[in-house]
Amino acid sequence: MGISPRFGTLLTVLVLAGATALGGCGGGDAATSTAEAPAAIRLGALVPLSGTNAQSGREMRDAAQMAVDEVNAAGGVLGRKVELLVLDDACDPGTAVVKANDLVAQDITVSVGGYCSSATVPTLKVFRDAGVPMVIALATSTDLLVPKYDSIFLISGTVTAEGAFAVAAMRRMGSKRLIIVNDGTSFPVTLGRTTTEAAAKPGTGIETVATHELSQGAPSYARLAKQIVGEKVDTVYFTGYYGEANQLIKDLRTAGFDGRIFVGDGATDGPLLTGLTAAQTKNVYGTALMVPALMPSLAGWSQRFAKVTGRQPGAGGPEAYDAVTVAVDAIKRAGSVDHAAVRAAIAATPDLPLLSGTVKFNPDGTRENPVFLLLEVRDGKLAEVPAG
């Protein structure tokens, strides 16, 4: 893939510094040319490039960079090139705050990252204090809305919409007794809560029997699986991420649970099905955001992505690409990199066509028309369940 965006930035800084130094020693025209070159417009992205969610972070990084490269190939923005600075937040709240401050120090115009809500939430104040608007690609927890900042915009909607979508699917399948399992972090907890609220509405016929919390990264959930079997439910909805989802599915099936297992969108990418047998994946479903391989409408984009990266795109890439598209469009319409002007332009985004369909933001920064897919495991792979 060549030099990473971060190291490319450092190299650019060193080259410019060297050119300036030479100019001070009589470089003449070369120094003047360097000084006159307009500075790049910087976008910043915090994504998990290490830890169990690194695969998703890689998809986000590469798709966002592809969007930036395409913008630059078309002439840039406001007569300037666009530069993407990508830092690893490891889906860790403390790390995310440190890296957010690093991005602010590098004078970014818009933040376009955000995968794990638990790592994104503590960065809100950092970017807010710096005046940097945030186009959040994938984090969807309603915790993101708690500060009521007018500078936060969610490409993927919120867990409220996903919870209602999940309950509607469970109801069609005849679910009656539901258990929610989360991992104690922001997105999984809030998705579980909104699912419970959706199930409690009149007419669903679904009772949420209990909510359980597991520990991230544990080698086994056998004890929890045995408890769930004893609670005699027909559906389990795990709202966390794919590493824990994979182990929980194994342990539930080993414990004798043969009902429906749903997983949230944080688990429908990455190695969810690694090492699982056909029997273990029977009646496994997922509520997902965009999955390029399952969406004919993204065929052209997927081909471009494969040509650039040498691999087929996974989940997470389209939303990251869309986040850059929204940011660049707003900068164009603002005619400036002034944070306040760009923020206002994002808020006024006029039904902009994206990979995920046209986008328009509500006053609270949520998206009017978030996209969700219902998936099921068929022949060892996730496949879309037609709407109905």
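Residues numbered from 1 in each chain as written. Predicted model: local features only at pLDDT ≥ 70, side-chain atom pairs only at ≥ 80, totals over all residues. Heavy atoms only, no water.

In the annotation of an unreviewed UniProt entry, the entry for the protein reads Branched chain amino acid ABC transporter substrate-binding protein, and the organism field reads Actinoplanes ianthinogenes. Database annotation for the protein, UniProt heading Sequence similarities (unreviewed entry): "Belongs to the leucine-binding protein family." (UniProt positions renumbered as here; feature names shortened; annotations may be inferred.)

Right, let's talk about the overall build of the protein for a bit. Helix and strand content of the protein: 14 helices and 14 strands. When contacts within the protein are restricted to residue pairs at least 6 apart in sequence, long-range pairs at least 24 apart make up 70% of them. A total of about 16200 Å² of accessible surface is found on the protein, and carbon and sulfur atoms cover 56% of it. (Helix = DSSP H or I, 4+ residues; strand = E, 2+ residues; numbered from the N terminus. Contact = heavy atoms within 4.5 Å. Areas by Shrake-Rupley, 256 points an atom, 1.4 Å probe, with all protein chains shown as cover.)

The next subject is the sheet that holds strand β7 (residues 207-213). Reading across from one edge, β7-β6-β8-β9-β10-β13-β14 is the order of the seven strands in this open sheet, with mixed pairing throughout. Two strands close off the open sheet at either side, each with one partner strand: β7 and β14 (381-384). Taken pair by pair, the neighbouring strands of this sheet meet at an average axis angle of 25°, ignoring direction. (Pairing = 2+ DSSP bridges. Axes fitted to C-alpha atoms, helices over the stretch in contact; angles between N-to-C directions.)

It is worth spelling out the pattern of salt bridges at this point. By the definition in use, this model includes 13 salt bridges. A salt bridge links Arg311 to Asp62; the nearest nitrogen and oxygen atoms lie 2.7 Å apart. One end of the pair, Arg311, is in the loop between α12 (299-309) and α13 (317-334); the other, Asp62, is in helix α3 (residues 54-73), with 249 residues separating them in the sequence. In this pair, the class of Arg311 matches that of Asp62, namely buried. (Salt bridge = Lys/Arg side-chain N within 4 Å of Asp/Glu carboxyl O. Buried < 20%, exposed > 50% of the residue type's maximum accessible area, 1.4 Å probe, protein only.)

Of all seven residues making up strand β2 (residues 82-88), seven are buried, and the element is well covered by its neighbours. Where burial is concerned, the two faces of β2 agree: the one with Val82, Leu84, Val86 and Asp88 and the one with Glu83, Leu85 and Leu87 are both buried. Where strand β1 (residues 41-47) meets β2, seven bridges bridge the pair, whose relative direction is parallel. Note on β2: the bridge partner recorded for Ile41 is Val82. Crossover β1 to β2 through α3 is right-handed. (Right-handed = clockwise from strand over helix to strand, strands pointing away.)

Okay, empty space enclosed by the protein next. Taken as a whole, this structure holds three cavities of 30 Å³ or more when the rule is applied. Each pocket or cavity is described by its volume, and for the largest cavity that value is around 150 Å³. Size it by volume and the second largest cavity reaches roughly 50 Å³. Lining the second largest cavity are Leu46, Asp89, Ser111, Gly113, Gly114, Ala119, Thr120, Thr123, Phe127 and Met134. Per-class residue counts for the lining of the second largest cavity are four nonpolar, five polar and one charged. (1 Å grid on protein atoms, 1.4 Å probe; cavity = no way out; pocket = protein on both sides within 12 Å on 5 of 7 lines; lining within 4 Å. Points joined across faces, edges and corners; volume = space filled by probe spheres on them. Nonpolar A, V, L, I, M, F, W, Y, C, P; charged D, E, K, R; others polar.)

The biggest cluster of nonpolar side chains holds 90 residues, and the ones touching the most others in it are Leu43, Val110, Val112, Val181, Val326 and Ile346. It is α13 that provides the largest number of residues to this core, a total of nine residues. When sequence neighbours within four positions are dropped, the list of residues in contact with Val181 reads His212, Leu214, Leu224, Ile228, Val236, Tyr237, Phe238, Thr239, Gly240 and Leu248. Ile108, Leu124, Val132 and Leu154 belong to the second largest nonpolar core, which has 16 residues in total. (Core = buried A, V, L, I, M, F, W, Y, C linked by side-chain atoms within 4.5 Å.)

This part covers unusual backbone geometry. We note that Leu78 has phi near 55°; this positive angle belongs to a residue other than glycine. Owing to a relative accessible area of 39%, Leu78 belongs among the partly exposed residues under this scheme. A positive phi angle, close to 60°, is found at Asp107, a residue other than glycine. Position of Asp107 relative to the elements: it lies in the loop between α4 (93-105) and β3 (110-111). A relative accessible area of 58% means that Asp107 is categorised as exposed.

On to the pairing of strand β13 (residues 373-378), then. Most of β13 is tucked away: five of the six residues are buried. Sheet topology note: the strand β10 (residues 284-288)/β13 ladder contains four bridges and is antiparallel. Across the sheet, the residue bridging to Ala288 is Leu373, located in β13. Pairing between β13 and β14: four bridges, direction antiparallel. Looking at the pairing, Leu375 lines up with Glu384 of β14. Joining the antiparallel neighbours β13 and β14 is a turn of two residues, in which Asp379 adopts a positive phi near 50°.

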